Amino acid sequence: MDGTSTLGGGVIVFIIGLILAAVFAASTAYSGMKAGLTVAAGIPGAIIGTGLINMFAKKHGILGKNLLQGMSSAGESVASGLIFVLPSILLIGSQFSFLEGLLAGVGGVLFGIGVASIVHNYLLVDEHGKLMYPESMAISETLVASDAGGESLKYMGIGFGIGGLVTLVTGAVFGWINNVISYIGTQTYKYRFEMEVNPMLLGIGFIVGLEISLTMFAGSIMSNFAVIPLIGYFSDMAAPGLMVWNKSKVAIHGMPVGVIASSYVKYIGAGMMLCGGIIGAIKLIPVIIGSIKETLGAKASGANGKETQYLKILLLGAVISFIAGLVGSGGNVMMAIVGGVLSLILMVLFVIVSGRLTGTIGTSNLPVSGMTIASLVLVTMSFVLMGWHGLADNKALLLFGSLIVVAVSIAGGYMQTQKVTFLIGGHKNEMQRFYALASIVGVVVVVGTIMILSKQLANTGADAQFGLPQANLMATLTSGIMSGKLPWVMIFVGVFMALVLYFLNLPIMTVAIGFYLPISTTSIILVGSLLRILVEKTSKNEADKDAKVAHGISLSSGLVAGGSIIGLIGIILQVSGIINLQDLTGFAASNEVAILLLAVLVILTLIPLITAKTHHHHAEK
């Protein structure tokens, strides 16, 4: 035996895996910065992996398919983490170099994988049966049901085509027609209702379903139809000479909706998210204590003395994290030590928590923002105590934040992937190597994507292309604490609104993200979830419904991938001047053309799902 037949990974698998990691990293970064939500890559990765292994590398079988879903998941996990904090550096008005972003990302990835590996045996093997790892179970089933590959892949391809085509005609690429339906109240009742016809966001809505979409949309209704008109009503009574607190040229009297939203309402949303994050972190205290106690009590993984791979990864991660601190702080050794030690402690804590929580709720529902907010507040406080509160210090702080969030995010994805590997009998060390390398490719792609989009990301005006709710919050919070300049009244209003939600037992973060994002984003996500309800209601029976929803989720994954990747290529073409957008006029600029485009998108999405032949005719109850 030459070893390839027993192990899942040959050179072909490795190369395909790196390409998948890059694709999922780019598309997750783009869609996550737009919608504030990310879609887990495990199942789409398993489906595409199955198709590709069947085409190019049949002999690698299920272990090869598993490596590919793991590497896809690595790219997605890196992106989900980095987009939370790294773009904040642009939002506070600073810049970062490719090297700084790379070091922070790679340090977080390696340290996160290293710490997660320490608790590997305890969480995945000893607790097998107690910790369910729900998403790992789903991915394992997808890998075992090899025929699912073909059907699902077909629907994914259809979705990719629809998503790509609709994106081409909009401002994301060629900009031939307007794709935003917009109604704005300018008189006494200043409201805003908009919907961006965007296949990627429609797909996200279908995947996350009605409950999350409606909860987010509720936040949007509150900000656009309750808080904005209220502030508008009172601000119109202001004396003509009073100016907006952060825009010295704009009078409070007669503020347009966009200014009310960006200068006031945005901070209420930040307060809500801050409160939600802190409540989330406090709720985690028992989990943290429990995890650490049980981890200390568990037998060390490397009892047989051969396990040194993860220690190497761990040490390398720690070293790179310090180098990241040194480079990011401009060679300030003290800052690198304080920030580095604090970051490493917080990473150990939250990586273990993240790995454990993935076992109960899956990676899609991990409270990453809560852990990140808690970490950043602690690091910011220590920076202020040390007397570091300039712009350069804030940038260094956010690089440490990026390091922490990547470790937390990667830990969930890594534990989920290793659980699948354990379930199907793969080799954990091989997965560890492939996963770590795929994650590093993910870091390169995401840092590159953020740098290419830097101009669009830094625009936070009323016409901002990217919502960036988490990164905006991290920027607002850290720069506000450091400079002491924050509209505290608005922050407190948000905190108390979040407390109301908490007492009503509602998901604070979901409402807050909806409150914060432009309503044009949340409304189209809602439409996507309504299409799913329509598909469910028009099904003949349970089996038919399950099959159609599964096809719909595959098609939606295609919409997300097609919309985000074609959109990303479009922006690269625009930035490099190959495509020059013209100002639209007449019918092409109207609400009517956007409504028409919406109808086309909805019909194109529904036809393949409603007409799908499902194979369970005998299953009628």
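Structure's up top.
Residues numbered from 1 in each chain as written. Predicted model: local features only at pLDDT ≥ 70, side-chain atom pairs only at ≥ 80, totals over all residues. Heavy atoms only, no water.

> A description of the overall build of the chain should follow, citing residues and the corresponding values.
Looking only at helices and strands, the chain has 22 helices and four strands in total. Radius of gyration (C-alpha) of the chain: 24 Å, near the 25 Å computed for a compact globule of 621 residues. Principal axes of the C-alpha set define a box for the chain whose edges measure 85 × 65 × 50 Å. Counting across all 621 residues of the chain, residues that qualify as buried make up 59%. Charge separation in the chain, taken as the distance between the mean sites of 30 positive and 25 negative side-chain charges, equals 4 Å. (Helix = DSSP H or I, 4+ residues; strand = E, 2+ residues; numbered from the N terminus. Rg over C-alpha atoms; globule rule 2.2 N^0.38 Å. Buried < 20%, exposed > 50% of the residue type's maximum accessible area, 1.4 Å probe, protein only. Lys, Arg positive; Asp, Glu negative; His and termini not counted. Charge placed at Lys NZ, Arg CZ, Asp CG, Glu CD.)

> Break down the packing of aromatic side chains for me, with residues and values.
Enumeration according to the criterion identifies 12 aromatic pairs in this entry. The interplanar angle of 90° and the centroid separation of 5.5 Å between the aromatic rings of Y30 and F466 together place this pair among those described as edge-to-face. Placement of Y30 in helix α1 (residues 11-35) and of F466 in the loop between α16 (454-458) and α17 (469-483) is noted, with a sequence separation of 436 residues between them. For the residue pair Y30 and F466, the accessibility class agrees, reading buried in each case. Taken together, a centroid distance of 5.1 Å and an interplanar angle of 75° make the contact between F383 and W388 edge-to-face. Of the two residues examined, F383 and W388, each falls in the buried class. An aromatic cluster is present here, built from Y189, Y191 and F225 joined pairwise through their rings. Across the ring face of F466, the terminal group of K34 is positioned such that the distance to the ring centre comes to 5.5 Å. (Phe/Tyr/Trp six-rings, centres within 6.5 Å; stacked < 30°, edge-to-face > 60°. Lys NZ or Arg CZ within 6 Å of the ring centre and 35° of its normal.)

> Give a detailed account of the side chain of S402, specifying residues and quantitative values.
Inspection of the secondary structure assignment puts S402 in helix α14 (residues 391-424). Residue class for S402 comes out buried when judged on its relative accessible area of 0%. Those residues in contact with S402, other than ones at most four positions away along the chain, are L82, V85, L86 and A104. (Contact = heavy atoms within 4.5 Å.)

> Could you give an account of the pairing of strand β4 (residues 247-251), naming the residues involved and the relevant values?
Inspection of the sheet shows strand β3 (residues 243-244) paired to β4 by two bridges, in the antiparallel sense. Within β4, the position partnered with M243 by the bridge is A251. Hairpin remark: β3 followed by β4, antiparallel, with two residues in the connecting loop. (Pairing = 2+ DSSP bridges.)

> A description of a nonpolar patch on the surface should follow, citing residues and the corresponding values.
Taken together, the side chains of L99, V319, F322, I323, L326, V327, V333, I337, V341 and I345 define a hydrophobic patch exposed on the protein surface, amounting to about 780 Å² of accessible area. Listed by contribution, the elements that provide at least two residues to the nonpolar patch are α11 (309-328) and α12 (333-361). Counting residues per element, the nonpolar patch draws most heavily on α11, at five residues. Tracing the backbone through its elements, the reader meets I345 in helix α12. (Patch = residues over 30% accessible without salt bridge, like charges linked within 9 Å, V, L, I, M, F, W, Y side chains within 5 Å. Areas by Shrake-Rupley, 256 points an atom, 1.4 Å probe, with all protein chains shown as cover. Salt bridge = Lys/Arg side-chain N within 4 Å of Asp/Glu carboxyl O.)

> Outline the packing of helix α2 (residues 42-56) against helix α3 (residues 61-85), listing residues and values.
Packed helices, taken two at a time, are described by the angle between their axes plus the distance between the axes. Two numbers describe how α2 lies on α3: the axes approach to 8 Å, and their chain directions differ by 135°. Taken as axis vectors, α2 and α3 run oblique relative to one another. Where α2 crosses over α3, the handedness of that crossing is right-handed. Taken together, the residues of α3 that come into contact with α2 (itself represented by G42, G45, A46, G49, T50, L52, I53 and N54) are G61, G64, K65, L68, Q69 and S72. (Axes fitted to C-alpha atoms, helices over the stretch in contact; angles between N-to-C directions. Parallel < 35°, antiparallel > 145°, perpendicular 65-115°, else oblique. Left-handed = near helix turned anticlockwise from the far one by under 90°.)

> I'd love a proper account of helix α7 (residues 134-144), names of residues and values included.
Looking at α7, one finds that the buried residues are E135, S136, I139, S140, T142 and L143. Angularly, the buried residues of α7 cover 160° about the axis, an arc narrow enough to put them on a single face. Opposite the packed face of α7, turned more than 90 degrees from it, sit the exposed residues E141 and V144. In this structure, the buried residues of α7 make contact with α2, α3, α12 and α14. (Arc of directions from axis to C-beta.)

> Could you give an account of the packing of helix α9 (residues 199-235) against helix α20 (residues 519-537), naming the residues involved and the relevant values?
For the pair α9 and α20, the least separation of the axes is 6 Å and the interaxial angle reads 135°. Regarding the angle of α9 to α20, the classification is oblique. For α9 against α20, the interelement crossing comes out left-handed.

Geometric values such as these leave the question of function open.
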